[in-house]
Amino acid sequence: MEYKKSDITDKTLKKDVRQVTTIIFVYFIVFQFAALVSSLVLSSMRKESKAAVNDFLSNSGLPYLVAIGLGLFVIFVSMTPSIRKQTFAVSTRKMTGGIFLALVAVVMTGQVILSVYGSLFEHLVNLIGYTSTEQLKEATGTSKTFSMLLYAGFLGPVTEEIVFRGFLLRNLEKYGQGFAIIISAYMFGLYHSNFLQTPFAFVVGLILGYVALTYGIKWSILLHIFNNFVLGDTLNYFLQNFNDRQADIVSSTLIWTGGVIGMVILWFYKGAIRKWYRSNKPTGKELKLAFTGKSLILITIIIFIISCLGLDKI
């Protein structure tokens, strides 16, 4: 359905943002609740020691696989036929190997930013007697079971793309691509509810949103899988062949090399990026209406509290 600016009012924008962000939050709650209940059921079925059961649950992806199914049910029930069609529409823009590798490098630039931010954030929370070590492990941990690898490396990215670059992005696309990408990336960041993952997820969400709208959701899915599986689990498995010091050197070299290449690419194409943004940027009024909505403010506060609970005392 085509929309003209004259057809869109402040009231409809706030209503649409409220509806889709609320549905995303319901998805978040259903996902977390389903994972928790599945964990309790699995723990009750195992006849091992408490420590062994806890170790199993901390490394198993089975609860999350159950949660994916229930979460996707919420999203697909909420999708209209037109949004479903838009989500899986094939783009006329052709993706090439060079473009995909350039996007990977830009994602690695985000990882460089995350590493710098993570160090600064840890220093700041240390000043008030807390540490974000556990949140860092959650953000950079390696899958230790096949079920977790299946979830983190493949099914998780597919689900998140359908939710954030499908349902959410396409529902807000009528207000402009820039607006839709920013709001979807913001919600994607909040979804991770982790002070270290949230900023990185927001940056990556901007990239994935652009990819989904320009080249189609299948390419944002592949880029997301590449980030999680190749730059995450595969790289970490490779680094296990080295001692800790060597692994840090190899990891830092790879990430910083890719990150610097990404920075060069962004600088080289800064004119094209600026031109695209000028054509698609949201107005300050649109963003103000979205971010001052009661539902989005409440969701942000709740996720902030959850993130705070993830910090540990030194």
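Presented here is a report on the structure given in the accompanying data block. (Residues numbered from 1 in each chain as written. Predicted model: local features only at pLDDT ≥ 70, side-chain atom pairs only at ≥ 80, totals over all residues. Heavy atoms only, no water.)

## A short note on the overall build of the protein chain
For clarity, the threshold we go by: The helix and strand labels rest on DSSP assignments: H or I over at least four residues marks a helix, E over at least two residues marks a strand, and numbering proceeds from the N terminus. A radius of gyration in this sense is built from C-alpha atoms; the matching globule rule multiplies 2.2 Å by the number of residues raised to 0.38. Buried means the residue's accessible area, taken with a 1.4 Å probe over protein chains only, is under 20% of the maximum for its type, while exposed means over 50%, and partly exposed covers the values in between.
On a plain count of helices and strands, the protein chain comes out with 14 helices and two strands. The C-alpha radius of gyration of the protein chain comes to 20 Å, within 12% of the 20 Å expected for a compact globule of 314 residues. Referenced to the eigenvectors of the C-alpha coordinate spread, the extents of the protein chain come out at roughly 65 × 45 × 40 Å. Looking at the protein chain residue by residue over its 314 residues, the buried ones come to 43%.

## Some remarks on a positive patch on the surface
Condition: Only residues whose relative accessible area exceeds 30% and that form no salt bridge enter a patch; like-charged residues are grouped when within 9 Å of one another, and nonpolar side chains (Val, Leu, Ile, Met, Phe, Trp, Tyr) when within 5 Å. Only the protein chains shown count as covering a residue, and every accessible area follows the Shrake-Rupley method with a 1.4 Å probe. Any carboxyl oxygen of Asp or Glu that lies within 4 Å of a side-chain nitrogen of Lys or Arg is treated as forming a salt bridge with it. When charges are counted, Lys and Arg are positive and Asp and Glu negative, with His and the chain ends excluded. For charged residues, the charge sits on one atom: NZ in Lys, CZ in Arg, CG in Asp, CD in Glu.
On the surface, Lys11, Lys14, Lys15, Arg18 and Lys294 cluster together into a positively charged patch. A per-element tally of the positive patch places helix H1 (residues 10–45) first, with four residues. Its place among the elements puts Lys294 in helix H14 (residues 294–309).

## Describing the nonpolar core
Worth spelling out the cut-off: To form a nonpolar core, buried Ala, Val, Leu, Ile, Met, Phe, Trp, Tyr and Cys residues must be joined to one another through side-chain atoms within 4.5 Å. Two residues qualify as a contact provided that any one of their heavy atoms is within 4.5 Å of a heavy atom in the partner residue.
If you look at the biggest cluster of nonpolar residues, it comprises 42 residues, and the most contacted ones within it are Ile24, Phe164, Leu168, Leu172, Phe179 and Met187. Those elements that place two or more of their residues in this core are H1, helix H3 (62–78), helix H7 (146–172), helix H8 (177–191), helix H9 (197–215), helix H13 (284–291) and H14. Residue contributions to this core peak at 10 residues, all from H1. For Ile24, the contacting residues outside a window of four places in its chain are Ile75, Val163, Phe164, Phe167, Leu168 and Met187.

## Remarks on the environment of Ser295
Considering the arrangement of structural elements, one finds Ser295 in helix H14. Residue class for Ser295 comes out buried when judged on its relative accessible area of 18%. Separated by 159 residues in the primary sequence, Ser295 and Leu136 have C-alpha atoms spaced 29 Å apart. Those residues in contact with Ser295 that sit more than four places away from it in its chain are Arg18, Thr21 and Thr22.

## A word on H9
Under the convention used in this document: To estimate how far a helix should extend, the number of its residues minus one is multiplied by 1.5 Å.
Compared with an ideal rise of 1.5 Å per residue, which puts 19 residues at 27 Å, H9 spans 25 Å between its outermost C-alpha atoms and is within 8% of the ideal. A positive backbone phi angle near 105° is found at Gly216, which sits one or two residues after H9.

## So, the packing of H9 against helix H10 (residues 217–239)
Applied cut-off: Lines fitted to C-alpha atoms define the axes here, with helix axes fitted over just the stretch in contact, and angles between the N-to-C directions of these axes take values from 0 to 180 degrees. We call a crossing left-handed when the near helix sits turned anticlockwise from the far one by less than a right angle, and right-handed when that turn is clockwise. When residue character is reported, Ala, Val, Leu, Ile, Met, Phe, Trp, Tyr, Cys and Pro are called nonpolar, Asp, Glu, Lys and Arg charged, and the others, Gly included, polar.
Where H9 meets H10, the closest approach of the two axes is 7 Å, and the angle between their N-to-C directions is 150°. For H9 against H10, the interelement crossing comes out right-handed. When H9 is examined against H10, the residues Phe200, Ile207, Leu208, Val211, Ala212 and Tyr215 are found in contact with a partner set consisting of Ile217, Trp219, Ser220, Leu223, His224 and Asn227. In the contact of H9 with H10, the residues fall into nine nonpolar, three polar and no charged.

## Some details on a nonpolar patch on the surface
Residues Val116, Leu120, Trp256, Val260, Met263 and Val264 make up a contiguous nonpolar surface patch of about 530 Å² in total accessible area. When residues of the nonpolar patch are traced back to their parent elements, those giving at least two are helix H5 (97–126) and helix H11 (244–268). Among the elements that take part in the nonpolar patch, H11 stands out by supplying four residues, more than any other. Positionally, Val116 belongs in helix H5. Note on Val116: relative accessible area 39%, which makes it partly exposed.

## Let's talk about the packing of aromatic side chains
Aromatic rings considered in pairs are described by the distance between their centres and by the relative angle of their planes. For clarity, the threshold we go by: The rule is short: rings of Phe, Tyr and Trp, with Trp giving its six-membered ring, pair when the centres are within 6.5 Å, and they are stacked under 30 degrees, edge-to-face over 60, tilted in between. By definition here, charges over rings are those cases where NZ of Lys or CZ of Arg is within 6 Å of the ring centre and within 35 degrees of the ring normal.
Applying the stated criterion to the full structure yields 22 aromatic pairs. Ring geometry for Phe238 versus Phe242: centroids 5.4 Å apart, planes at 70°, classification edge-to-face. Here the aromatic residues Phe25, Tyr27, Phe28, Phe31, Tyr64, Tyr151, Phe164, Phe188 and Tyr191 are joined through ring pairs into a cluster of three or more. Lying across the ring of Phe188, Arg165 places its NZ or CZ 4.2 Å from the centre. Note that Lys270 overlies the ring of Trp267, its terminal NZ or CZ placed 4.0 Å from the centroid.

## Let's talk about the environment of Thr300
In this structure, Thr300 sits in helix H14. Residue Thr300 is classed as partly exposed on the basis of its relative accessible area, which comes to 23%. In this structure, the C-alpha to C-alpha distance between Thr300 and Ser193, residues 107 residues apart in sequence, is 9.6 Å. Those residues in contact with Thr300 that lie beyond four places of it in its chain are Tyr186 and Leu190.

## Thoughts on the side chain of Ser147
You can see Ser147 is positioned in helix H7. Setting aside its immediate chain neighbours within four residues, Ser147 contacts Ser60, Gly61, Leu62 and Leu65.

## Let's talk about the packing of H1 against helix H2 (residues 50–59)
Running from amino to carboxyl end, H1 crosses H2 at an angle of 140°, the nearest separation of the two axes being 10 Å. Relative to H2, H1 is oriented so that their crossing is right-handed. Listed contacts from H2 to Ser39, Leu42 and Ser43 of H1 are Val53, Phe56 and Leu57. Here the residues of the contact of H1 with H2 sort into four nonpolar, two polar and no charged.

That is the geometry; function is a separate question.
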